[in-house]
Amino acid sequence: MRFLYKNFEIPMNITSAIIRFIKSGFPIEGGQKRYPVWVVSFLTISTFLFSHDIVANPVKWHPGHYYTILGHGKNDLKYMTQVYEELKATPALRGIQIRYFWAELETAKGVYDFTSIDQRLAELAAIGKRLVIQVQTKSFVPKVELVPAYLKASEYDGGAFAYSSYGTTALRGYNIALWNPQVHDRLVELFKAMGERYNSHPYFEGIGMIETAYGEPIASQPAHQMSKFYDNLLSVHQKMRSFFPNTMTIQEVNYPTSILVSFVGKLKEMGTALSGPDVFKDEPGLNRNTRNAPRGIYNFYPELSGIIPLAPQVMHKNYMNTRNDGAGNVPTISEIFAFARDNLKSNYIFWTRNPEYYSKVLELLNEPDIAKDPFGGLRSVCPSAYTSCVD
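> Can you walk me through the overall build of the chain in this structure?
Across its full length, the chain holds 13 helices and 19 strands. Each of the 391 residues in the chain was classed as buried or not, and the buried ones make up 50%. Counted over contacts in the chain with a minimum sequence separation of 6, partners at least 24 positions apart contribute 75%. About 17,400 Å² of surface is accessible on the chain, with carbon and sulfur atoms providing 54% of the total.

> Even after reading the chapter, I still don't get the packing of helix H6 (residues 181–198) against helix H7 (residues 224–243), so can you show me in this structure?
Axis angle and axis distance: for two packed helices, these are the angle between their axes and the distance between the axes, and together they describe the pair. The geometry of H6 relative to H7 is characterised by a closest axis approach of 9 Å and an angle of 20° between their N-to-C directions. With respect to H7, the element H6 is oriented roughly parallel. With respect to the hand of their crossing, H6 and H7 are arranged in right-handed fashion. Residues His184, Leu187, Val188, Phe191, Lys192 and Gly195 of H6 form the contact with H7, whose participating residues are Asn232, Ser235, Val236, Lys239, Met240 and Phe243. Class assignment for the residues of the contact of H6 with H7 results in six nonpolar, four polar and two charged.

> Explanation requested: the packing of aromatic side chains in the structure shown.
Aromatic ring pairs are described here by two measures, namely the spacing of the ring centres and the angle between the planes. This structure, assessed with the given rule, holds 19 aromatic pairs. Summarising the aromatic geometry, the rings of Phe114 and Tyr198 are spaced 6.0 Å apart at their centres and angled 65° between planes, so their arrangement reads as edge-to-face. Of the two residues, Phe114 sits in the loop between strand E9 (111–112) and helix H5 (115–126) while Tyr198 sits in helix H6, which places them 84 residues apart along the sequence. Of the residues examined, Phe114 reaches a relative accessible area of 7% and is grouped as buried. Of the aromatic side chains, those joined through ring pairs into one cluster are Phe161, Trp179, Tyr214, Phe229, Tyr230 and Phe263. Between Lys138 and the ring centre of Tyr163, over which it is positioned, the NZ or CZ distance is 4.9 Å. The ring of Tyr79 has Arg353 lying over it, and the distance from NZ or CZ to the ring centre is 5.0 Å.

> What should I look at first to understand the nonpolar core in this one?
If you look at soluble globular proteins, the nonpolar side chains tend to sit buried side by side. Counting 89 residues, the largest nonpolar core has Ile96, Ile117, Ile133, Phe191, Met194, Ile297 and Trp351 as its most contacted members. If you tally residues by element for this core, the top one is H6, at eight residues. Other than its neighbours up to four places away in sequence, Ile96 contacts Tyr66, Tyr67, Ile69, Met80, Val83, Leu87, Leu124, Arg130, Leu131 and Val132. In this structure, Tyr66, Val132, Tyr348 and Tyr386 belong to the second largest nonpolar core, which totals 13 residues.

> Please clarify how the sheet that holds strand E14 (residues 216–217) should be interpreted in this entry.
Strand order in the open sheet made by the three strands is E12-E11-E14, with antiparallel pairing throughout. The sheet is open, and its two borders are formed by strand E12 (171–176) and E14, each paired with just one other strand. Here strand E11 (residues 160–164) runs beside E12; their pairing, made up of five bridges, is antiparallel. If you follow Phe161 over to E12, its bridge partner there is Asn175.

> Where do I start with the sheet that holds strand E17 (residues 313–314) in this structure?
Two strands in a sheet stick together by hydrogen bonds in their backbones, pointing the same way (parallel) or opposite ways (antiparallel). Spatially, the eight strands line up as an open sheet ordered E16-E15-E13-E10-E7-E6-E18-E17, and their pairing is parallel. Strands with a single pairing partner mark the edges of an open sheet, and in this sheet they are strand E16 (273–275) and E17. Pairing between strand E7 (residues 93–101) and strand E10 (residues 130–136): seven bridges, direction parallel. Along E10, the bridge assignment pairs Phe101 with Gln136. This element, helix H11 (residues 333–343), spans strand E6 (64–68), E17 and strand E18 (348–352) of the sheet and lies at about 150° to E18.

> What exactly am I supposed to notice about the confidence of the model for the chain here?
Confidence in the prediction of the chain, expressed as mean pLDDT, is 90, and 86% of residues score 70 or more. The model gives residues 5–33 a pLDDT under 50, and that stretch makes 48 contacts with residues more than four places away or in other chains. Residue range residues 38–54 is modelled with pLDDT below 50. Its contacts to residues more than four positions away, or to other chains, number 25 contacts.

> Whenever I open this one, helix H8 (residues 260–270) confuses me. Can you help?
Given 3.6 residues per helical turn, the α-helix brings residues three or four places apart onto the same face. Three or more residues of H8 are buried, namely Leu260, Phe263, Val264, Leu267 and Met270. Looking down the long axis of H8, one finds its buried residues gathered within 125° of arc, a one-sided arrangement. With respect to the buried face of H8, the exposed residues turned more than 90 degrees away are Val261 and Glu269. Buried-residue contacts for H8 involve H7, strand E15 (248–252) and helix H10 (300–304). Just downstream of H8, Gly271 is the residue with a positive phi angle, here 80°.

About the criteria used
Every chain begins its residue count from 1, and numbering advances along the sequence as written. Totals for whole chains, interfaces and linings use all residues, but because this is a predicted model, local features are given only for residues with pLDDT of at least 70 and pairs of side-chain atoms are given and counted only at 80 or more. The side-chain values count all of the structure's non-hydrogen atoms but skip hydrogen atoms and water molecules. Strands are runs of DSSP state E lasting at least two residues, helices are runs of H or I lasting at least four, and both sets are numbered from the N terminus onward. Remark: exposure states derive from per-residue accessible area (1.4 Å probe, protein chains only) relative to the maximum for the residue type, with buried under 20%, exposed over 50%, and partly exposed in between. Pairs of residues are marked as contacts when any of their non-hydrogen atoms sit within 4.5 Å. For the area figures, the Shrake-Rupley method with a 1.4 Å probe applies, and any residue is considered shielded solely by the protein chains shown. A fitted line through C-alpha atoms serves as each axis, taken over the contacting stretch for helices, and the angle formed by two N-to-C directions is quoted from 0 to 180°. These descriptions rest on fixed angle ranges, namely under 35 degrees for roughly parallel, over 145 for roughly antiparallel, 65 to 115 for roughly perpendicular, and the rest for oblique. Should the near helix be turned anticlockwise from the far one by less than a right angle, the crossing is termed left-handed; should it be turned clockwise, right-handed. Under this grouping Gly is polar, as are all residues other than the nonpolar Ala, Val, Leu, Ile, Met, Phe, Trp, Tyr, Cys and Pro and the charged Asp, Glu, Lys and Arg. Here is the rule: rings of Phe, Tyr and Trp (six-membered ring for Trp) pair when centre to centre is within 6.5 Å. Planes less than 30 degrees apart are stacked, more than 60 are edge-to-face, and the remainder are tilted. We call a charge positioned above a ring when the Lys NZ or Arg CZ atom is no farther than 6 Å from the ring centre and deviates by at most 35 degrees from the ring normal. Nine residue types can take part in a nonpolar core, namely buried Ala, Val, Leu, Ile, Met, Phe, Trp, Tyr and Cys, and a core is a set of them joined through side-chain atoms within 4.5 Å. Strands are labelled as partners when DSSP assigns at least two bridges between them. Looking at any residue, its pLDDT shows the predictor's confidence there, from 0 to 100. Arc definition: it is the arc formed by the directions from the helix axis to the C-beta atoms.

Okay, structure coming up:
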């Protein structure tokens, strides 16, 4: 193991020795301070380290390619056995991302069930692979239980609101009522419990939240409600950084474009990774960069390269077309990879394990140039928002 201070590597044994020595209170022998030989060389380094809080808060840093597994498979032995075999056979796959709805993790108020996470984490650690968790606070299937049952009470504004796709009135799914301060507080408590359990685990690589797109509320809402939603979302992330000081925290960002400058700026300040739910090379709204309209989210990635982690998601539809409306082209896996690597400057790529396409993803990741690189051709420098990284 080693600490990374930007591009400067500090071997773990030296760092541990410095820590032990400083904690010892500078031992005194015969009435005089007696310094071991190595201290003469490394005392200056230790002062530098501790003045910058490097040793206290290194962030686990294992950039590269990750699977995002299908939701129904995360607790299916046959499915997961196949996933693990593919991980072991593909060095460029560094781990997996698993999504959980809030209701799956909090079964009653303050009662948490992390059994599934514990089991998957233990299995991954046994084969040297890593786990990223996404807590889903938005559903795209109306029948899904999104939030714990207790949140459906009036004091929580029902816990969630129904939304449709823009331009329609048909029920698409639910998003959480995050404008409500009590919903905010309960979500913070969930992340607090998860931080206490997983922040220090060496194979727990990251934790994130689903896309920022609000959805079109089916029932009318006060004008200020959406603004409060995003204020509280940033507040939750600020708390997450304190609960996970040694772990990457992640936010998917896509829409609304009107908030992006301020919202992404706040993520940058707190050191939260920028992700997105799609890699659409030709999607107009994501790529937009004109004078008369807010810029699309893809324009922010290059500006943040080397500052915060960049971790886009390749979703089902991204394999099928370069645009969400299907008006683009059918991309190759190599084209998706090249766009995420070169245009989005990715540190991490999360590849959805789509049954029709994952074999092509594995084929790409096993190409010699990618397979021999621990980072799979992606940017690996420790982000400047982190005091230091540890691998």
